[in-house]
Amino acid sequence: MSALAGQAAPQQSRRIETAPLIVLIVLAGTVAWLWWSGMAEEILVYSDDISYLVVQHLELVAWAGGLAILVAVPVGVVLSRPAFRLFSEAVMQVFNIGSTVPTLAILALSMTLLGIGTVPAVFGLWAATLLPIVRNTYAGLRAVPPHLVEAAIGMGMTPRQVLWRVELPNALFVIFGGIRTALAICVGSAPLVFLIGAGGLGELIFTGISLDELPMMMAGAIPTAMLAVLVDFILGQIQYYLVPRGINPLR
Amino acid sequence: MIRLENLTKHYGPAHDPLIAVDNVSLDLPTGEICVLLGPSGCGKTTTMKMINRLIQPTGGKVFINGKDTSTVDPIELRRSIGYVIQQIGLFPNKTIEENICVVPDLLGWDRRKSRDRAKELLELVGLQPDLFLKRYPKELSGGQQQRVGVLRALAADPPVMLMDEPFGAIDPINREVIQEEFLKMQREIRKTIIFVSHDLDEAVKMADKIAIFRSGKLEQYAAPDDLLARPANSFIEDFLGSDRALKRLRLVSVGDAMETDFITVLETDSVEHARARIRSSRSAAAFVLDAEGAPRSVLSEQVAEACSGTVGDHAEPVKSTVPITGDLRQAVSVMFAHDMPLLPCIDEAGRLAGVMSYRSIVHHLGHGGKA
Ligand SMILES: Nc1ncnc2c1ncn2[C@@H]1O[C@H](COP(=O)(O)OP(=O)(O)OP(=O)(O)O)[C@@H](O)[C@H]1O
Ligand SMILES: [Mg+2]
């Protein structure tokens with residue numbers, strides 16, 4: 001049994017490690033093809049725009065993602081506390097329904113409330129990013145075996161120590177999974193914020209579409225795709241090394 | 001010393017409560033193991049958890065070394081009591097070292113001191129520290145995890161330990177090994193231990209006192225040998241099983257039950273001389289010893305009555321012996337295996353120290369044991 005499990009783990013981790021690599025290879029292939037076909041030159045005309053917009057794009061994602069993590073994890077923790085158990089399931093139901101609302105709709109609502117510009121954009125992305133993190137934080141904490149909590153209390157930990165030393169570390173892998181999903185959504189949705197006047201790589205994509213300029217659209221689309229893969233890859237690495245070996249199914 | 005005084009726990013509505021623990025009182029002297037035993041749902045775990053206040057009693061009091069525990073801060077109280085849960089409960093996010101050091105860390109011990117302690121404890125149960133300290137629980141076998149679970153409870157050297165079926169999640173063979181190991185340790189560390197079990201054999205082996213529960217009530221509280229010899233009522237008799245007399249065999253040491261008025265003769269003695277010696281004693285045979293005093297051969301009463309000549313011509317070689325440190329179960333087993341109605345008992349030096357016969361066993365059990 002244990003020998004089998006020991007073999008399964010590295011295999012699984014290799015599979016997970018190779019997934020983003022394959023995507024990178026596909027992307028590199030696309031870039032190479034563009035180069036060979038001559039379109040690359042047409043795209044590179046926009047290189048100044050690209051480097052400016054990538055930074056803007058990442059700033060939006062960083063603000064929305066960072067604020068979402070800061071808010072969602074504590075909310076998930078609070079909802080998982082015994083005192084809130086009674087209505088936490090109901091709140092989670094509302095959240096689950098909320099997470100089916102398309103990001104575009106959220107941005108539209110956000111614009112209705114806050115007008116156009118960076119603030120409503122960050123707010124809209126933040127709202128779309130929030131839910132998976134809350135859900136995974138809550139689920140991860142609820143999934144910590146009750147006997148671990150009981151052992152911790154029985155050994156004389158205060159409730160805060162139980163949370164920090166036992167519950168959060170043991171839920172960390174699941175919480176991180178939520179953060180990864182959420183940031184993938186965030187990066188992928190970020191081009192939409194151009195529609196409410198916050199710039200980002202969406203500027204090239206949507207302008208390219210409306211002007212029927214394929215190279216311009218590609219100049220927005222390719223970096224967007226690469227950023228999405230890169231962010232997920234980096235988060236994956238962080239998850240792999242940050243979550244201790246004892247509770248990390250990947251290692 | 002642990003003292004429970006009318007300890008009671010009710011669950012559910014006050015007008016129609018489920019009585020999980022009903023007016024339990026008992027005293028456990030310092031350094032002894034009390035096993036709480038009884039069928040499922042009889043209130044063992046509830047009783048135990050009221051001692052470290054994981055469960056708030058409905059009524060009654062718990063005293064540890066004379067101090068009413070309800071007057072102590074529960075966090076402080078729990079840090080001073082070793083706690084082993086049935087599911088082992090090692091923290092999977094912590095290494096073995098960190099797991100063992102949980103309570104020392106909570107108590108703010110110097111880091112070096114607590115890490116040294118972890119090392120020392122692992123060595124105590126034969127787990128190499130350099131191999132195990134940095135491992136995670138999932139990288140240990142079930143038996144190893146169970147050992148670490150007990151070590152973790154011992155880490156801060158608490159005078160009192162609560163153990164809820166600590167050796168439950170393990171196969172019977174390894175369980176025996178761990179039990180032996182733990183008893184050996186206990187002989188040195190002398191903790192006062194409340195130990196929950198549903199296994200009578202385990203209870204008989206580990207306990208200084210056994211508390212038998214039924215539906216929340218303490219039915220009998222006695223030393224294992226007492227309990228097996230004198231069950232207080234028919235429920236306990238049924239619970240102990242019809243082979244309870246046999247279970248007692250294990251509790252009596254050979255040295256306590258053997259007869260010491262055995263007869264020795266020389267090989268050169270005449271059979272007539274040996275016969276006269278046997279007749280004038282309660283013994284049914286005479287032993288021939290070698291120069292070191294070890295039993296070499298035996299002349300039984302029947303042979304002595306029927307033969308003549310020298311003892312050396314007729315005595316039969318001794319087929320087996322039992323050490324006086326062994327228990328009666330071992331002795332009986334050897335007697336059955338070799339068809340020996342008289343079994344020589346030898347001391348550490350191998351010298352004949354006594355003789356075990358069926359009569360002495362029956363006599364010992366019939367008299368209700370060493371108490
Ligand atoms: N939180 C609770 N609420 C209501 N009833 C409970 C609760 N905890 C325990 N009980 C009841 O109290 C009784 C005693 O339970 P306890 O856990 O002490 O049994 P036990 O002797 O440890 O049994 P086992 O050998 O199965 O572990 C049982 O009838 C159980 O159903
Ligand atoms: Mg129990």
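By convention here, each chain's residues receive numbers from 1 onward along its written sequence. Chains and ligands are labelled by the order in which they are written, letters from A for the one and numbers from 1 for the other. Local features in this predicted model are restricted to residues of pLDDT 70 or higher, and side-chain atom pairs are both shown and tallied only at a pLDDT of 80 or more, whereas totals for entire chains, interfaces and linings draw on every residue. Hydrogens and waters are ignored; side-chain quantities use all the structure's heavy atoms.

### Here we look at the UniProt feature "transmembrane region" (unreviewed entry) in chain A
- UniProt positions are given in the numbering used here, feature names are shortened, and annotations may be inferred rather than shown by experiment. Here the UniProt-annotated "transmembrane region" (unreviewed entry) positions come out as residues 21-40, 60-79, 86-107, 113-134, 171-196 and 216-235 of chain A.
- Helix and strand definitions follow DSSP, with helices as H or I runs of at least four residues and strands as E runs of at least two, each counted in order from the N terminus. Between the first and last C-alpha atoms of residues 21-40 of chain A the distance is 22 Å; the span itself is 95% helix and 0% strand.

### As for the interface of chain A and chain B
- Two residues form a contact once any of their heavy atoms are found within 4.5 Å. Across the boundary between the two partners, chain A contributes 22 residues, which contact 24 residues of chain B.
- Summed over both partners, the accessible area (1.4 Å probe) lost when two parts come together is defined as the buried area. Here chain A packs against chain B, burying approximately 2,000 Å² in sum over the two surfaces, 61% of which is carbon and sulfur.
- It is A:E150, A:M155 and A:R245 in chain A that bury the most area against chain B; as a group they hold 30% of the surface buried on that side.
- Salt bridges are defined by distance alone: a side-chain nitrogen of Lys or Arg within 4 Å of a carboxyl oxygen of Asp or Glu. Here chain A is connected to chain B by 2 salt bridges.
- With a closest N to O distance of 2.9 Å, B:E139 and A:R245 form a salt bridge.
- We call two N or O atoms a polar contact when they sit within 3.5 Å, provided that within protein one can donate a hydrogen and the other can accept it, with sequence-adjacent residues counted only if both atoms are side-chain atoms. Put simply, chain A and chain B have 8 residue pairs in polar contact (both at pLDDT 80 or more) between them.
- For the side of chain A that touches chain B, the secondary-structure elements that each account for two or more residues are α7 (146-154) and α8 (159-189) of chain A.
- At 7 residues, the largest contribution of residues to the side of chain A that touches chain B is made by α7(A).
- Note on residue categories: nonpolar means Ala, Val, Leu, Ile, Met, Phe, Trp, Tyr, Cys or Pro, charged means Asp, Glu, Lys or Arg, and polar means any other residue, Gly included. For the side of chain A that touches chain B, the residue count by class is 10 nonpolar, 8 polar and 4 charged.

### What about the site of ligand 1?
Residue and element names in this part refer to chain B.
- The environment of ligand 1 is made up of Y11, L18, A20, S40, G41, C42, G43, K44, T45 and T46.
- The separation between an oxygen atom of ligand 1 and a polar main-chain atom of G43 is 2.9 Å.
- Note that accessible areas follow from Shrake-Rupley with a 1.4 Å probe, and for residues the cover is restricted to the protein chains shown. Isolated, ligand 1 exposes 640 Å² of accessible area, and the fraction of that covered by the protein chains is 59%.
- The set of elements that each furnish at least two residues to the shell around ligand 1 consists of β2 (18-28) and α1 (44-51).
- The element best represented in the shell around ligand 1 is α1, accounting for 3 residues.
- Looking at the shell around ligand 1, its residues break down into 4 nonpolar, 5 polar and 1 charged. The nearness test applies per residue and asks whether one of its heavy atoms lies within 4 Å of the molecule or strand.

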